[in-house]
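# A closer look at the structure
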Amino acid sequence: MIKFFLMVNKQGQTRLSKYYEHVEINKRTLLETEVIKSCLSRSNEQCSFIEYKDFKLIYRQYAALFIVVGVNDTENEMAIYEFIHNFVEVLDEYFSRVSELDVCFNLDKVYIILDEMVLNGCIVETNRARILAPLLILDKMSES
């Protein structure tokens, strides 16, 4: 099960965070700082899976953005690694080459995409067309 989902830039600034288990606000800041530090300090040759406290971190870098997913011990690391890639492919399809600015200025749409893919920490959808369908309908409604 997914515990949290983070998008972070190379400077360590959180661009998106979504928690699927309750974590107090002050503990979130500390957790994010430690998680970001542990992921950003690793080289490209090192594994993208990290054992951290009572969960695993799976991260992937795309240009200037790092996507970090915290999961429980029973979750399949490769499945989450591919989920991260699928998430970025969906963003690329919607934004046509997603960038950090796209995420910053369209945070609501990124959250909609994430919510279409993950429900209560479980991956429920991976089909790009089904994930983007509600967003495309909202775009058509806003044009009218």
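Reading guide: rules and limits
- Residues numbered from 1 in each chain as written.
- Predicted model: local features only at pLDDT ≥ 70, side-chain atom pairs only at ≥ 80, totals over all residues.
- Heavy atoms only, no water.
- Helix = DSSP H or I, 4+ residues; strand = E, 2+ residues; numbered from the N terminus.
- Rg over C-alpha atoms; globule rule 2.2 N^0.38 Å.
- Buried < 20%, exposed > 50% of the residue type's maximum accessible area, 1.4 Å probe, protein only.
- Axes fitted to C-alpha atoms, helices over the stretch in contact; angles between N-to-C directions.
- Parallel < 35°, antiparallel > 145°, perpendicular 65-115°, else oblique.
- Left-handed = near helix turned anticlockwise from the far one by under 90°.
- Contact = heavy atoms within 4.5 Å.
- Nonpolar A, V, L, I, M, F, W, Y, C, P; charged D, E, K, R; others polar.
- Pairing = 2+ DSSP bridges.
- Core = buried A, V, L, I, M, F, W, Y, C linked by side-chain atoms within 4.5 Å.

### Considering the overall build of the protein chain
When helices and strands are tallied, the protein chain shows five helices and seven strands. Relative to its length of 144 residues, the protein chain is compact, with a C-alpha radius of gyration of 15 Å against a globular reference of 15 Å. By its C-alpha atoms, the protein chain is 50 × 30 × 30 Å across when sized along the principal axes. For the protein chain, the residues scored as buried account for 40% of the 144 residues in total.

### What about the packing of helix α2 (residues 77–95) against helix α4 (residues 107–117)?
Axes are the key here: two packed helices are described by the angle between their axes and the distance separating the axes. In contact at an axis separation of 11 Å, α2 and α4 are set at 135° when each is read in the N-to-C sense. Relative to α4, α2 is oriented oblique. Taken as a pair, α2 and α4 cross one another with a handedness that is right-handed. Here Phe 83, Asn 86, Phe 87, Val 90, Leu 91, Tyr 94 and Phe 95 of α2 lie close against α4, whose contacting residues are Lys 109, Val 110, Ile 113, Leu 114 and Met 117. For the contact of α2 with α4, the per-class residue count stands at 10 nonpolar, one polar and one charged.

### Looking at the pairing of strand β5 (residues 65–71)
The buried count for β5 comes to seven of seven residues, which makes it a mostly enclosed element. By the alternation rule, side chains of β5 split into Leu 65, Ile 67, Val 69 and Val 71 and Phe 66, Val 68 and Gly 70, which are all buried. Of the strand pairs in this sheet, strand β1 (residues 2–9) and β5 are connected by seven bridges, and their pairing is antiparallel. By the bridge assignment, Leu 6 is partnered in β5 with Val 68. Linking two consecutive strands that pair antiparallel, namely strand β4 (residues 55–62) and β5, is a turn of two residues; a positive phi of about 55° is found at Ala 63 within it.

### A word on the nonpolar core
Residues Phe 5, Met 7, Phe 87 and Ile 113 are the most contacted members of the largest nonpolar core, which totals 29 residues. Elements supplying a minimum of two residues to this core: β1, β5, α2, α4 and α5 (128–143). Beyond its immediate stretch of four places on either side in the chain, Met 7 contacts Gln 13, Thr 14, Arg 15, Leu 16, Leu 65, Phe 66, Ile 67, Phe 87, Leu 91, Val 103 and Val 110. Counting 15 residues, the second largest nonpolar core, distinct from the first, contains Phe 4, Leu 6, Cys 39 and Val 68.

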